[in-house]
Amino acid sequence: MRYLNLGTVPSTYSQAVYHALAESMATGSEPVLVTVSPEQPYVCVGYHQLASREIDRDYCEQQGIAVGRRMVGGGAVYLDHDQIFWHLLLPSYTGTVDALYHEILKAPVLAYRKMGVAASHRPVNDIVVGPRKIGGTGAAQIARSTVIVGSILMDFDIVAMSRVLRVPSEKFRDKMVQSLDEYMTTVRRELGNAAPSREDATHLLVQEFAAALGQDIHNGFLSREEWDLVEVYAQKLFDPDFVYQGERGLVQPGVKILGDVHLYEGIYKAPGGLIRLVFRTRQDVFDDVALTGDFFITPMDISKIERFQQKLVGQPVDDALVARAADELLKQITIWGVTAENIRQAFLNAQALETSTLSSR
Amino acid sequence: MSEVNGCNLPDDLYYWVEKHVWAKPEADGTVLVGMTDVAQSLAGKIVVVSLRSLNKTLARGKSAGTLESGKWVGSIPTPVAGTVIAINEDLKGKPSTINEDPYGTGWIIRVQPANWEADMAELVTGPSGIEAYREKLSADGIQCGSAS
């Protein structure tokens, strides 16, 4: 297996490199493994995402944060130097996507374990430490190559991630930061000062890839032609016309925090004021609920609202249950100009795309 | 309809087995193109389909569109060269139709072929076609299951 340790490169190159290698890979050639980190932070959207819906473009432009689109699926991610990206290119893979992840993710999982992080693979493609996700992975067919990519998450700037995404409200952003903190982890968080250096972590990872694929590793360099192609892809993937191009398909309500954890916000303008229901679901069960808005309640007893929120946590995500809990709430307090049906409607709006508060720029 | 390793394979379609796509010549001279049960099974539940524009001229093997399943992105190579005269608009709203009905309502594009006779010669069909597909599935150890 050919191994390219690219160290730290300009942000655009860190994404372009595997696209270029996939395109130039000849049938029958050996697998290629790349490790690389970006010099500067940037944002990368999934191949089919509507970037204008996912990314706060104005903020990114003001901050000089580049935005690119990868030819791999999934959601928008914030990437920086604290992540060691790995790209594995296989010239002839013929199995299922599930089996691909099963085989390949052994390498990063075992590398984490050798560092002292109790990681495991949670199918299809999450690497987790208990309930928390550590790094992301994705796969694609690019030209004739099967490409599988991921990262070793040495550290992660949750606030920076929450800032570059387009979110419906600051309340939602707060919940996102809280959710990422609850459901994500990093090498640094797990190991503190005992965390290995980037070099050691990279070395462990490469060794585990060699073992997982049963292949010897030999160090290589990008050829002149490959560098030229990297340059071409760096331009293309970060070209605003490509990133913010018209209609692409992956539009889903809410924001995915990890595998089966999603964050939603639903708004309803009731006669008594705006109702904002922010909630997190896990395996289709309410995991966290916040009811806010600019309405007035009497008596002024916030504990009743808190009880409404707690009542839903652990319950299935279902509008009838929301309506029932709202009904009970409104028997205890009066929210002027707001009915249980209005609260149910806020919930329904969170899950309906056409009424989503995330509209295109 | 034949069943090979749990994969459904209609006998009357023309297959490009390496790419897991099918072609179906129709009475009006056009050719319908889609993905096989094998392809949808390998990919898993499809969440996005993005198809090429109408009237686009495609060479054989060029991408008729891209798709994304939960954890994978890939292109759909056309087994027949020609002009795209129809695309399956229904897939946009419900991409998983490809999982549920890959040979019927989950069709991908309709092509006015440039040279169907030439392309047809590169594809396999009928009992020998099913046999060729069986060999491919066995060689690659592919077994179809329901998409999750």
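Calculation notes
Residues numbered from 1 in each chain as written. Chains lettered and ligands numbered in written order. Predicted model: local features only at pLDDT ≥ 70, side-chain atom pairs only at ≥ 80, totals over all residues. Heavy atoms only, no water. UniProt positions renumbered as here; feature names shortened; annotations may be inferred. Helix = DSSP H or I, 4+ residues; strand = E, 2+ residues; numbered from the N terminus. Phe/Tyr/Trp six-rings, centres within 6.5 Å; stacked < 30°, edge-to-face > 60°. Buried < 20%, exposed > 50% of the residue type's maximum accessible area, 1.4 Å probe, protein only. Lys NZ or Arg CZ within 6 Å of the ring centre and 35° of its normal. Domains from an automatic or database assignment. Contact = heavy atoms within 4.5 Å. Buried area = accessible area lost by both parts, 1.4 Å probe. Salt bridge = Lys/Arg side-chain N within 4 Å of Asp/Glu carboxyl O. Nonpolar A, V, L, I, M, F, W, Y, C, P; charged D, E, K, R; others polar. Polar contact = N/O pair within 3.5 Å; in protein donor to acceptor, adjacent residues only side chain to side chain. Pairing = 2+ DSSP bridges.

Under an unreviewed UniProt entry, the name given to chain B is Glycine cleavage system H protein, and the source organism is Sulfobacillus benefaciens. Word for word, the UniProt comment on chain B under Subunit (unreviewed entry) is "The glycine cleavage system is composed of four proteins: P, T, L and H."

Going by the annotation in an unreviewed UniProt entry, the name recorded for chain A is Lipoate--protein ligase family protein, with Sulfobacillus benefaciens given as the source organism.

A. Quick peek at the UniProt feature "domain: Lipoyl-binding" (unreviewed entry) in chain B. Taken from the UniProt record, the annotation "domain: Lipoyl-binding" (unreviewed entry) applies to residues 30-112 of chain B. The distance separating the terminal C-alpha atoms of residues 30-112 of chain B is 5 Å; by composition the span is 18% helix and 43% strand.

B. Representation of the packing of aromatic side chains in the model. Residues and elements named next belong to chain A. Under the criterion given, the structure shown has 10 aromatic pairs over all chains. Ring centres of Y264 and F279 lie 5.2 Å apart, and the angle between their planes is 25 degrees; on these two criteria the pair is classed as stacked. With Y264 in strand β14 (residues 261-270) and F279 in strand β15 (residues 273-282), this pair connects stretches of sequence that are 15 residues apart. Across the pair, exposure class does not vary: Y264 and F279 are buried alike. Each residue in the set Y264, F279, F286 and F347 is aromatic and connected to the rest through ring pairs, giving one cluster. Against the face of Y244 rests R57, its NZ or CZ located 3.9 Å from the ring centre. Above the face of the Y59 ring, R163 is positioned so that its terminal group lies 4.1 Å from the ring centre.

C. Up close: the UniProt feature "domain: BPL/LPL catalytic" (unreviewed entry) in chain A. UniProt's feature table lists "domain: BPL/LPL catalytic" (unreviewed entry) at residues 27-217 of chain A, given in the numbering used throughout. Structurally, residues 27-217 of chain A comprises 37% helix and 26% strand, and the distance from its first C-alpha atom to its last is 19 Å.

D. Quick look at the domain arrangement of chain A. Residues and elements named next belong to chain A. What the domain assignment reports for chain A is domain 1 (2-243) and domain 2 (257-355). Placing a centre on the C-alpha atoms of domain 1 and another on those of domain 2 gives a separation of 36 Å. Taken together, the contact between domain 1 and domain 2 spans 16 residues of the former and 17 residues of the latter. Buried surface at the junction of domain 1 and domain 2, both sides included, amounts to about 1,400 Å², of which 60% is carbon and sulfur. Put simply, domain 1 and domain 2 have 3 salt bridges between them. The element best represented in the side of domain 1 that touches domain 2 is helix α7 (residues 170-183), accounting for 9 residues. For the side of domain 1 that touches domain 2, the class distribution of residues is 6 nonpolar, 3 polar and 7 charged.

E. View of the interface of chain B and chain A. Taken together, the contact between chain B and chain A spans 16 residues of the former and 21 residues of the latter. It is K71(B), W72(B) and V73(B) in chain B that bury the most area against chain A; as a group they hold 39% of the surface buried on that side. Counting the contacts that link chain B with chain A gives 0 salt bridges. At the boundary of chain B with chain A, the tally comes to 8 residue pairs in polar contact (both at pLDDT 80 or more). Among the elements of the structure, α1 (37-43), β6 (46-51), β8 (63-69), β9 (72-77) and α5 (126-140) of chain B are those that each provide at least two residues to the side of chain B that touches chain A. Of the residues that constitute the side of chain B that touches chain A, the class distribution is 8 nonpolar, 3 polar and 5 charged.

F. Geometry of the sheet that holds strand β10 (residues 82-87) of chain B. Residue and element names in this part refer to chain B. Here we have 6 strands laid out as an open sheet, ordered β3-β4-β5-β11-β10-β7, and antiparallel in their pairing. The sheet terminates laterally at β3 (14-16) and β7 (57-58), the two strands that pair on one side only. Taken together, the 3 bridges between β3 and strand β4 (residues 21-25) define a ladder with antiparallel strand orientation. Bridging from a neighbouring strand, Y15 pairs with W22 of β4.

G. Geometry of the UniProt feature "modified residue: N6-lipoyllysine" (unreviewed entry) in chain B. On the UniProt side, "modified residue: N6-lipoyllysine" (unreviewed entry) is annotated at positions that read K71(B) here. Those residues in contact with K71(B) that lie beyond four places of it in its chain are V97(A), Y101(A), V124(A), N125(A), A139(A) and K256(A).

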